[in-house]
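Letter by letter, the chains look like this.
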Amino acid sequence: MMRWFMILTGLCVASVCAAAEVTAVVTDAAGKPVADAVVAFYDGKTTALPAGAGGKIVQKNKMFNPKVTIVQTGTKINFPNEDTVRHHVYSFSPAKKFELKLYAGIPADPVLFDQAGVVTLGCNIHDSMVGYIYIVDTPFFAKTDDKGKAVLKLNEGHYNYQAWLPGQTKPVVEQKITIEGATEVKITLP
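Residues numbered from 1 in each chain as written. Predicted model: local features only at pLDDT ≥ 70, side-chain atom pairs only at ≥ 80, totals over all residues. Heavy atoms only, no water.

1. Here's the deal with the packing of aromatic side chains
1) Next: Going through the model one piece at a time under the given rule, you end up with eight aromatic pairs.
2) Next: Between phenylalanine 41 and tyrosine 159 the ring centres are 6.2 Å apart and the planes differ by 80°, which places this aromatic pair in the edge-to-face class. A residue pair is termed long-range when its members are at least 10 positions apart, and phenylalanine 41 in strand S2 (residues 38-42) and tyrosine 159 in strand S15 (residues 157-164) qualify at 118 residues.
3) Next: The exposure class assigned to phenylalanine 41 is buried, which follows from its relative accessible area of 0%.
4) Next: Among the aromatic residues, those joined into a cluster by ring pairs are Phe41, Phe140, Tyr159 and Tyr161. (Phe/Tyr/Trp six-rings, centres within 6.5 Å; stacked < 30°, edge-to-face > 60°. Helix = DSSP H or I, 4+ residues; strand = E, 2+ residues; numbered from the N terminus. Buried < 20%, exposed > 50% of the residue type's maximum accessible area, 1.4 Å probe, protein only.)

2. A closer look at the pairing of strand S11 (residues 117-123)
1) Next: Of all seven residues in S11, five are buried, a share of seventy percent or more.
2) Next: Sheet analysis places strand S8 (residues 87-93) next to S11, joined by two bridges and oriented antiparallel. What sits directly across from valine 89, in S11, is cysteine 123.
3) Next: Relative to strand S12 (residues 130-136), S11 runs antiparallel, the two being bridged by six bridges. Along S12, the bridge assignment pairs valine 119 with isoleucine 133.
4) Next: Joining the antiparallel neighbours S11 and S12 is a turn of six residues. (Pairing = 2+ DSSP bridges.)

Next up, the structure:
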């Protein structure tokens, strides 16, 4: 009996855990690669973050670095200021409204991003400073490189995917897809 259980469990685990490399190729309407686009795949099973998951967005040379950040809901982000001038970081976005009043160095507390959506960052002192945080309810996400490509490892199965560009308030492409082995997903953004 135990032997059959082990065989059946092994088959089940093998079929559920079959990982596939998915390459998302994102282009604009003219066919040119799009850098810093976000792609996120949803399988209907949100995975919780480990306790204490966090990240950082550095302010240096009066810019947010990285300009586009993707995180899962529940992530805390710190905003260290590495410039010689003080910054006043804020967001009025529905997904997360916050304000880090004029400061230098590292703020005392990181900001918790607990709702999926798009957050646009600004600085009250330096109007040219703009950054973006895309918050997702999935562990399957990536940002495209300068060739418009993002590579993810996904289990085979059914997914919905979203693609988003900085400056947009919501995903600009949403589609369903079935992953069966290595897959290339071509996404054209307006």
